[in-house]
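In case you want the letters, here they are:
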Protein chains: 2
Amino acid sequence: MASDLGGGSLLLAWQLKNKRVLIVGGGDVASGRIESVLVADAFITIICPASGLHPLTRKYIDSSDRITYHDRLFAGSEDLVDVDMVLTAVDDVEKSREICDMCRALRIPVNVADIPPSCDFYFGSQIRDGPLQIMISTNGQSPKLANIIRKRIERSLPANAGDAIEKVGELRSQLKERAPGVGGDLGKRRMRWMIDVCTSWEMDELALLDDEMMQKLLDEGWENNLVPKLEEVGGKRVQAPAGSGGFSSQLLLPAIGFIAGATSMALVLLAPRR
Amino acid sequence: MASDLGGGSLLLAWQLKNKRVLIVGGGDVASGRIESVLVADAFITIICPASGLHPLTRKYIDSSDRITYHDRLFAGSEDLVDVDMVLTAVDDVEKSREICDMCRALRIPVNVADIPPSCDFYFGSQIRDGPLQIMISTNGQSPKLANIIRKRIERSLPANAGDAIEKVGELRSQLKERAPGVGGDLGKRRMRWMIDVCTSWEMDELALLDDEMMQKLLDEGWENNLVPKLEEVGGKRVQAPAGSGGFSSQLLLPAIGFIAGATSMALVLLAPRR
């Protein structure tokens, strides 16, 4: 069983809130790293001579109060004090390997762009929609296919998935305030009810939840151990459900076929016989 | 710009090949962790009294030579020697927090199930297809919606995405052997050509690549700086392209509509008049 599993990575959502990340280098690759790290609410130190800064890196440095910038080269282990993660993206392969060794000695997780053996972790192709984050990794086999797959997934995602997740997260916190405690029967009932809500409502219905509707959902739903419909808590759909595809894709094609078939048969049968 | 980014995690593909992962606990949650970690080719130590083992955990222990099992409780910092990552999934909240503190003092990345502040990283809902790995994270807002989204993505993925990635990975290695070197103009040409192959061929065509076809693709394509078609390197499509949906979904419904329409009209027109 186990032998079929291997060959992959452990995909993780690393927590960096208020942690310190050192980025060595400021070019194209580094600018992408900066964005990924800012997403996770880290503090960033960038070390790179000003001549090597990509315009986007420069923009981040100018606009974010979470970034400290040093216009110089990496100086040595003193640059690693109190650092929680190191990302390097410089052309100097020797220097990169040296930084990697120092990080490993200090047990600081490190990624050296383009040198896989010097990476404790890889980055993947990513999608972000509010609280929803998706990563596509091909384990280094094909970054281009990762990108193609990312675009396909982006197109297939429900338009309001991020909103729906945010609303469900709020509902969940409100429910926890109303029925607090970790584990036990209450915890199980809470989890069961949240699952019922998520499976009974469409994604675009969940995205419509406002404070008043949440209140009603908890008062009339949770308290009576049932899941009211959107309309029963005062909500109103503004469009066809994303999941069902509406009339256009489900009925249009067979309808056109039906009309075409009926017309053809009528033409055949009503045609004047010669 | 930066202020709109925050609130998320840094999604990573963590490398664990031949690293040592300690899992404290052996229940339901732990069994899921074991699978994720085996995917990444780690060595695992499981510490858990036999009475607490989930049948699946027991199955992994019996079948994998990468797992060392100790039938006892966590003993203290001596259990953390030479450990690269710690995952705990036990009911004892106090004990869990203690283990977390020890790990942080030793700078060992740690995840304590169900206690977010004691987690350096979270897990997400995952998809695996050979070298392709996808993680869906809702940053703790709604595991259920993460699951629902995972299932939707699974349905929307091209059937042979994993195979296609594997073949492209092989082609890339062969190209690197033929035209070696890091960076520079050759590196750029190599990358450009690989991108051209990935965008010119459909995913299901890439999945068909065998050694002979790769050879031809490199001889006739790379050497002449062009991308031959599948048929030109001896390949033959066995089915409609995955992306286009094939006959079934594109033509079946209108065809049924056509037949139904024709039949109805025939019945109307041929019915005996009374």
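Here the structure is a predicted model, which is why all the values come from computation and not from measurement. (Residues numbered from 1 in each chain as written. Chains lettered and ligands numbered in written order. Predicted model: local features only at pLDDT ≥ 70, side-chain atom pairs only at ≥ 80, totals over all residues. Heavy atoms only, no water.)

### Observations regarding the domain arrangement of chain A
For step 1, the next point in the chain: Along its sequence, chain A is organised into domain 1 (20-123), domain 2 (124-157) and domain 3 (161-233).
For step 2, the next point in the chain: Here domain 2 of chain A and domain 3 of chain A have C-alpha centroids that lie 29 Å from each other. (Domains from an automatic or database assignment.)

### Here we look at the environment of L38(A)
For step 1, the next point in the chain: Within the secondary structure, L38(A) sits in helix α1 (residues 28-39).
For step 2, the next point in the chain: C-alpha of L38(A) to C-alpha of S173(A): the two residues are 135 residues apart in sequence and 25 Å apart in space. (Helix = DSSP H or I, 4+ residues; strand = E, 2+ residues; numbered from the N terminus.)

### Describing the pattern of salt bridges
All names here are of chain B.
For step 1, the next point in the chain: One pass over the structure, following the stated rule, counts 20 salt bridges over all chains.
For step 2, the next point in the chain: Its salt-bridge partner being E223, residue R178 comes within 2.8 Å of it at the nearest N-O pair. With R178 in helix α5 (residues 161-178) and E223 in the loop between α8 (211-221) and α9 (246-270), the pair connects residues that are 45 residues apart, well separated along the chain.
For step 3, the next point in the chain: Owing to a relative accessible area of 30%, R178 belongs among the partly exposed residues under this scheme.
For step 4, the next point in the chain: Here R237 ties to D204 by a salt bridge, and the two come within 3.4 Å at their closest N and O atoms. Within this pair, whereas R237 is found in the loop between α8 and α9, its partner D204 is found in helix α7 (residues 203-206), the two being separated by 33 residues in sequence.
For step 5, the next point in the chain: Of the residues examined, R237 reaches a relative accessible area of 29% and is grouped as partly exposed. (Salt bridge = Lys/Arg side-chain N within 4 Å of Asp/Glu carboxyl O. Buried < 20%, exposed > 50% of the residue type's maximum accessible area, 1.4 Å probe, protein only.)

### Focus: the sheet that holds strand β9 (residues 132-137) of chain B
For step 1, the next point in the chain: Within the open sheet, the 4 strands sit side by side as β8(A)-β9(A)-β9(B)-β8(B). Their pairing is antiparallel. At either end of the open sheet lies a strand with only one pairing partner, and these are β8 (125-129) of chain A together with β8 (125-129) of chain B. Sheet twist, expressed as the mean angle between neighbouring strand axes with direction ignored, is 10 degrees.
For step 2, the next point in the chain: Strand direction decides the pairing type here: strand β9 (residues 132-137) of chain A and β9(B), joined by 5 bridges, are antiparallel. Across the sheet, residue S137(A) finds its bridge partner in β9(B), namely Q133(B).
For step 3, the next point in the chain: Contacts between helix α4 (residues 143-156) of chain A and the sheet are confined to β8 and β9 of chain A together with β9 of chain B, with β8(A) contributing the most and set at about 20 degrees to the helix. (Pairing = 2+ DSSP bridges. Axes fitted to C-alpha atoms, helices over the stretch in contact; angles between N-to-C directions. Contact = heavy atoms within 4.5 Å.)

### Overview of helix α6 (residues 184-200) of chain A
For step 1, the next point in the chain: Taking 1.5 Å per residue, 17 residues should reach 24 Å; α6(A) reaches 24 Å between its end C-alpha atoms and fits that length.
For step 2, the next point in the chain: Residues of α6(A) that are buried include every one of G187(A), R190(A), W193(A), M194(A), V197(A) and C198(A), and no others. For α6(A), the buried positions fall inside an angular range of 135 degrees around the axis, keeping them on one side. Exposed residues lying more than 90 degrees from the buried face of α6(A) are D185(A) and K188(A).
For step 3, the next point in the chain: Each element contacted by the buried residues of α6(A) is listed here: α5 (161-178), α7 (203-206) and α8 (211-221) of chain A together with α4 (143-156) of chain B. (Expected span 1.5 Å × (residues − 1). Arc of directions from axis to C-beta.)

### Quick notes on the sheet that holds strand β1 (residues 10-14) of chain B
For step 1, the next point in the chain: Taking strand neighbours across the sheet as the criterion, the 4 strands line up as β7(A)-β1(B)-β1(A)-β7(B) in an open arrangement whose pairing is antiparallel. The outermost strands of the open sheet, each flanked by one partner alone, are β7 (121-122) of chain A together with β7 (121-122) of chain B.
For step 2, the next point in the chain: Sheet topology places β7(A) next to β1(B); 2 bridges connect them, and they run antiparallel. Considered in β1(B), the bridge of Y122(A) is made with A13(B).

### Details of the packing of aromatic side chains
For step 1, the next point in the chain: By the definition in use, this model includes 7 aromatic pairs over all chains.
For step 2, the next point in the chain: Geometrically, the ring pair formed by F121(B) and F123(B) is edge-to-face, given 5.8 Å between the ring centres and 80 degrees between the ring planes. With respect to class, F121(B) is no different from F123(B); both count as buried.
For step 3, the next point in the chain: Where W193(B) meets W222(B), the ring centres are 5.9 Å apart and the plane angle is 75 degrees; that geometry is what we call edge-to-face. Of this pair, W193(B) sits in helix α6 (residues 184-200) while W222(B) is found in the loop between α8 and α9, placing the two residues 29 residues apart along the sequence. Per residue, the accessibility class of W193(B) equals that of W222(B), and both read buried.
For step 4, the next point in the chain: Counting every residue linked through ring pairs, the aromatic cluster contains W14(A), F121(A), F123(A), W14(B), F121(B) and F123(B).
For step 5, the next point in the chain: One residue, R66(B), lies across the ring of F43(B), its end atom 4.4 Å from the ring centre. (Phe/Tyr/Trp six-rings, centres within 6.5 Å; stacked < 30°, edge-to-face > 60°. Lys NZ or Arg CZ within 6 Å of the ring centre and 35° of its normal.)

### Observations regarding the interface of chain B and chain A
For step 1, the next point in the chain: Contact with chain B, which involves 89 residues of that partner, is made by 88 residues of chain A.
For step 2, the next point in the chain: For the chain B and chain A pair, buried surface summed over both sides reaches about 7800 Å², with 66% attributable to carbon and sulfur atoms.
For step 3, the next point in the chain: Counting across the chain B and chain A interface gives 0 salt bridges.
For step 4, the next point in the chain: There are 35 residue pairs in polar contact (both at pLDDT 80 or more) connecting chain B and chain A.
For step 5, the next point in the chain: It is α9(B) that provides the largest number of residues to the side of chain B that touches chain A, a total of 13 residues.
For step 6, the next point in the chain: Among the residues making up the side of chain B that touches chain A, the classes are represented as 52 nonpolar, 24 polar and 13 charged. (Buried area = accessible area lost by both parts, 1.4 Å probe. Polar contact = N/O pair within 3.5 Å; in protein donor to acceptor, adjacent residues only side chain to side chain. Nonpolar A, V, L, I, M, F, W, Y, C, P; charged D, E, K, R; others polar.)

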